[in-house]
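Single-letter residue listing:
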Amino acid sequence: MSTIDLAASPSNLRMLAEQSNAWPFEQAKQIVARLKKKSKDEVLFATGYGPSGLPHIGTFGEVARTTMVRYAFRVLSEDKIRTRLIAFSDDMDGFRKVPDNLPNKEMLAEYLGQPLTKVPDPFGTHSSLGAHNNARLRAFLDTFGFDYEFASSTDYYTSGKFDATLLLVLQRIEKVMAVMLPSLREERAASYSPFLPICPRTGVVLYVPIVAHDASAGTISYDDPETKERVTLPVTGGHCKLQWKPDWAMRWVALGVDYEMAGKDLIDSVKLSGKICSALGGLPPEGFNYELFLDDKGQKISKSKGNGLTIDEWLRYASPESLSLFMYREPKSAKRLYFDVIPRNVDDYQQFLEGFSRQDPRQQLANPVWHIHAGHPPAADMPVTFQLLLTLVSSSNAENAATLWGFIGRYRPGVTPQTHPKLDAMVGYAINYYRDFVAPTKKFCEPTDTERVALQDLRDALSQLPASSSAEDIQNVVYEIGRREPFLDAIKKGKDGRPGVSLDWFNMLYQVLLGQEKGPRFGSFVAVYGLANAVTMIDGALARSG
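Conventions used here
- Residues numbered from 1 in each chain as written.
- Predicted model: local features only at pLDDT ≥ 70, side-chain atom pairs only at ≥ 80, totals over all residues.
- Heavy atoms only, no water.
- Helix = DSSP H or I, 4+ residues; strand = E, 2+ residues; numbered from the N terminus.
- Buried < 20%, exposed > 50% of the residue type's maximum accessible area, 1.4 Å probe, protein only.
- Contact = heavy atoms within 4.5 Å.
- Lys, Arg positive; Asp, Glu negative; His and termini not counted.
- Charge placed at Lys NZ, Arg CZ, Asp CG, Glu CD.
- Axes fitted to C-alpha atoms, helices over the stretch in contact; angles between N-to-C directions.
- Parallel < 35°, antiparallel > 145°, perpendicular 65-115°, else oblique.
- Left-handed = near helix turned anticlockwise from the far one by under 90°.
- Nonpolar A, V, L, I, M, F, W, Y, C, P; charged D, E, K, R; others polar.
- Pairing = 2+ DSSP bridges.
- Salt bridge = Lys/Arg side-chain N within 4 Å of Asp/Glu carboxyl O.
- Patch = residues over 30% accessible without salt bridge, like charges linked within 9 Å, V, L, I, M, F, W, Y side chains within 5 Å.
- Areas by Shrake-Rupley, 256 points an atom, 1.4 Å probe, with all protein chains shown as cover.

> Account for the overall build of the chain, with residues named and values stated.
Along the chain, the regular secondary structure elements total 25 helices and 14 strands. Seen through its principal axes, the chain has C-alpha atoms that stretch 95 × 60 × 45 Å. Expressed as a percentage of the 546 residues in the chain, the buried residues total 53%. Put simply, 67% of the contacts in the chain that link residues at least 6 apart link residues at least 24 apart. Mean positive and mean negative side-chain charge positions of the chain (62 and 64 charges, respectively) differ by 3 Å.

Right under this line is the structure:
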């Protein structure tokens, strides 16, 4: 069965998807099973965002992964059940601390405790800090073409969309308390209430004991911590909000959420919210707990700290597709989210894309690009790798795209920025990456006497090759020169049965000639860079170390 036949037959695609162990299908199967318990004519997917800090890649990852599960469900249901995705912003949360990466910190400090949509925008572009960060999130999600509906907690609370469920929480407050109290420290349990009144006097979200509640009137009462006056407020209309675990459960019930994933650090919170959801008569959503992203020091990335990578930073150095691949991979394993992971994901994406057309339909459903592109990956057409581009920039000190295109055009005649716009974009990414990360840390190694002899022999061998030599011809020469101590690998045999060459030989070439730890296939690099240029490079390294 070809890919075209597969696409034309939803039932055949569904049968293959049911047998697939790709994680989006495994997640989607949970939703199929859920519908057998509680039939619905619409499945609602949800993601959450806390706009206390600027959006980071983890937020994007949740939307990207949920979108993959959503499409997997559409395949398993043959698109016969309507689906929606809501990106929900908890922008009514109180502003608890001033993030390190925001301007105008002194001004912001005056609004601590107020809902994020009441805190002024320190950038001066939106009505509030919450609105600014919401806009940043939406703008980015829009550039990726996600199909989603944005939802604001403030809007839902103040417009009355949550009123019926808030009254239900008030009616069943004893059941909610029975879930929450065992999870709290004794001191906090003594004054805990799921309801947080918004102070009419100061606008602050108050964490105060609730001294009375009236389910029939739909109100709660508390004593103002400063004036000591007793205040009675309706729980509806945005006069109160819920503590976040009851809030999460209330949202699931009010909206009828069927699927929502969360970070591993929220496992206990998901369980508690699920119990509250059940106490309210709802069915907790399906989902899973993904592992956290770590920065270069192994610390959890945080919106308030601004560590790790931002969305904009990744897109300065690599394509959106490479970021989607990073998100697809091993969602239940902790991963470093730092600059050095970018080149691998760029090139791995291209490898997955190039392999797609050679796979049978079953294999295609396990290929990340199928999930990244919702079952319709584009044709592969990338004549050079990102790693090769980086090496070209490094070897030539190219600070402009025209120089790189000169190499590419000689290596692949007919390939131009006009015929290959994605490659043109990747050229720009490579230059940015080199300037910011490679050039500042570039350090050439000094060759040993043995290595100098090997380099001289390689220089002489390359100088004897015709200018039209293929990458494979060049690679064979590189291998031949490397078949000597200390680079000989007697265990690993070559295709011709002769002893192999250890990676130390190739690593030495890059460390001595280019001042970088590793690089692409050396024969391919020389083919693009040019034999004469490579010979000149070796001459320079020998002179520099002499």
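> Help me get a handle on the packing of helix α8 (residues 163–171) against helix α11 (residues 244–255), residues and values and all.
Remark: α8 packs on α11, axes separated minimally by 9 Å, with the N-to-C direction vectors making an angle of 125°. Classified by the angle their axes make, α8 and α11 are oblique. Where α8 crosses over α11, the handedness of that crossing is right-handed. Of the residues in α11, those touching α8 at T165, L166 and V169 are M250, V253 and A254. A per-class count over the contact of α8 with α11 returns five nonpolar, one polar and no charged.

> Got a sec to walk through the sheet that holds strand β1 (residues 42–49)? Specific residues and values, please.
A sheet is described by the order of its strands in space; here three strands give the open sequence β1-β2-β3, paired in parallel fashion. Where the open sheet ends on each side, the last strands, each with one partner, are β1 and β3 (149–152). Geometrically, the sheet is characterised by an average inter-axis angle of 30° between neighbouring strands, direction not taken into account. As defined by bridge partners, strand β2 (residues 82–89) adjoins β3 across four bridges and the pair is classed as parallel. When the bridges of β3 are listed, F88 appears paired with A151. Against the sheet, helix α4 (residues 57–76) contacts β1 and β2, and its axis sits at roughly 170° relative to β1.

> Lay out the pattern of salt bridges in plain terms, naming residues and giving numbers.
One side chain can pair with another of opposite charge once the charged atoms of both are near each other. Under the criterion given, the structure shown has 28 salt bridges. The partner of E260 in a salt bridge is R251, and the shortest N-O contact between them spans 3.1 Å. Among the residues examined, E260 registers a relative accessible area of 7% and is labelled buried. With relative accessibility at 3%, the residue R251 sits in the buried group. For D436, the salt bridge goes to R316, with nearest N and O atoms at 3.0 Å. Taken together, the positions of D436 in helix α20 (residues 421–438) and R316 in helix α13 (residues 311–317) put the pair 120 residues apart, joining distant regions of the chain. Salt bridges sharing partners connect three or more residues here, namely R14, E18, E78 and K80.

> So, a positive patch on the surface: which residues are in play, and what are the values?
Taken together, the side chains of R96, K97, R185 and R188 present a region of like positive charge at the surface. Of note, R185 is situated in the loop between α9 (173–180) and α10 (186–191). Given a relative accessible area of 67%, R185 falls into the exposed group.

> Hey, could you go over the environment of V176 for me, with residue numbers and the actual values?
Within the secondary structure, V176 is located in helix α9. The spatial distance from the C-alpha of V176 to the C-alpha of S193 is 9.3 Å, given a sequence separation of 17 residues. Setting aside chain neighbours within four positions, we find V176 in contact with V169, P194, P246, I276 and L280.

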